[in-house]
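# Residue-level structural notes
One letter stands for each residue in the lines below.
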Amino acid sequence: MSEKDEIAVPQTLTPEEQAVWDAKAKVRVLLNLWDLSGGKMKVKKGELTKRIVRTNETSQRYVGVLGELQATGAIEYSLVNRVTLVELTAKGKEVLAQGLKSKDSLFEFDGSQIGTRLGNSLLKWIRHQDGAASVAVEKGKADVGTIASYDDFKAVAIDVYDTLNRDYNLDDLVPIYRMRRAIGERVGRSQFNEWLLEMQANDIFQLMAGETPDITPDKREDSIIIPGGTLRYYAKRLNP
């Protein structure tokens, strides 16, 4: 079987079947876009099309679905150097989350097999959501919402570190990818890296390599590369 998603359903559908197909297709489109973009970057429309069009399908079949997603604000288009780019919006992430977890969602995989890429995209989404939900944040604290300063980030990072270390018995070596996922989209990836390195420079954390028997590509991506190109996988709090 090719790297396409699960085998496509027949082209001729009743209106009711078409409505179900459209609902499923919207979730697949958003999941693939999230995977391609990391939930943050714009991607070429052609790259997205290659991912979503399945065996025996054409891109024309997705014109209506993409149009509806754009109309509802789930995706946005832009033109850069004559290249059409697609961006997953915050609204799109909400739609995707609802489509994957809601009991009332129509989303399910068609056929008897699913493609490796789509399956891995779903696993990556689940792991991301699990990490983001692993630390509960009390209302009213300074770390609620977007993190706008180093001091706010420092407070949140220490709280996240202490909570993960305590709740998961991590023996004072907390994986950086878990901290990044717990903080989530309240801070950008590059800003997370900059401020975490600043915390190391200020002797708050020591970023360490260590043994990484459970390393995977997504965990490596969510760790941190220090100047010089060396991967740091763990954070250790100094003088707690």
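Scroll up for the structure.
In short, a report on the structure. This is a predicted model, so every value here is computed, not measured. (Residues numbered from 1 in each chain as written. Predicted model: local features only at pLDDT ≥ 70, side-chain atom pairs only at ≥ 80, totals over all residues. Heavy atoms only, no water.)

## What about helix α8 (residues 189–201)?
Across its 13 residues, α8 extends 18 Å between first and last C-alpha, which sits within 8% of the 18 Å expected from 1.5 Å per residue. The complete set of buried residues in α8 reads Phe 192, Trp 195, Leu 196 and Met 199. Projected down its long axis, α8 carries its buried residues within an arc of 105 degrees, all on one side. The exposed set on the far side of α8, more than 90 degrees from its buried face, consists of Ser 190 and Ala 201. Tucked into the core, α8 has its buried residues touching α6 (150–167), α7 (176–183), β5 (205–208) and β6 (224–226). (Helix = DSSP H or I, 4+ residues; strand = E, 2+ residues; numbered from the N terminus. Expected span 1.5 Å × (residues − 1). Buried < 20%, exposed > 50% of the residue type's maximum accessible area, 1.4 Å probe, protein only. Arc of directions from axis to C-beta. Contact = heavy atoms within 4.5 Å.)

## Examining the pairing of β5
The side-chain alternation of β5 yields one buried face, formed by Phe 205 and Leu 207, and one unburied face, formed by Gln 206 and Met 208. Judged from the four bridges that link them, β5 and strand β8 (residues 234–237) form a sheet pairing that is antiparallel. Looking at β8, one finds that Phe 205 is bridged to Arg 237. (Pairing = 2+ DSSP bridges.)

## Some words on the sheet that holds strand β3 (residues 83–88)
The antiparallel open sheet is built from three strands, whose spatial order is β1-β3-β2. Pairing within the sheet leaves two strands with one partner each, and these edge strands are β1 (43–44) and β2 (75–80). Along the sheet face, helix α1 (residues 15–37) touches β1, β2 and β3 and points at about 105 degrees away from the line of β3. (Axes fitted to C-alpha atoms, helices over the stretch in contact; angles between N-to-C directions.)

## Notes on the nonpolar core
Ranked by internal contacts, the top residues of the largest apolar core, which has 25 residues, are Phe 153, Met 179, Ile 183, Phe 192, Leu 196, Met 199 and Phe 205. Put simply, the parts of the chain that give this core at least two residues each are α6, α7, α8 and β5. Looking at this core, the element that brings in the most residues is α6, giving eight residues. Other than its neighbours up to four places away in sequence, Phe 153 contacts Ile 147, Ile 183, Val 187, Phe 192, Trp 195, Leu 196 and Met 199. Counting 21 residues, the second largest nonpolar core, distinct from the first, contains Val 29, Leu 30, Ala 74 and Leu 88. (Core = buried A, V, L, I, M, F, W, Y, C linked by side-chain atoms within 4.5 Å.)

## Quick notes on the side chain of Glu 57
Following the sequence through the fold, Glu 57 ends up in the loop between α2 (45–52) and α3 (63–71). There is a polar contact of 3.5 Å between the side chain of Glu 57 and the side chain of Arg 61. (Polar contact = N/O pair within 3.5 Å; in protein donor to acceptor, adjacent residues only side chain to side chain.)

## Regarding the packing of aromatic side chains
Applying the stated criterion across every chain, the model contains six aromatic pairs. A centroid spacing of 5.6 Å and a plane angle of 90 degrees characterise the contact between Phe 153 and Phe 192, whose relative ring orientation is edge-to-face. With a gap of 39 residues between them, Phe 153 in helix α6 and Phe 192 in helix α8 connect regions that are remote in the sequence. Of the two residues examined, Phe 153 and Phe 192, each falls in the buried class. Taking NZ or CZ as reference, Arg 61 lies 4.2 Å from the ring centre of Trp 21, over its face. (Phe/Tyr/Trp six-rings, centres within 6.5 Å; stacked < 30°, edge-to-face > 60°. Lys NZ or Arg CZ within 6 Å of the ring centre and 35° of its normal.)

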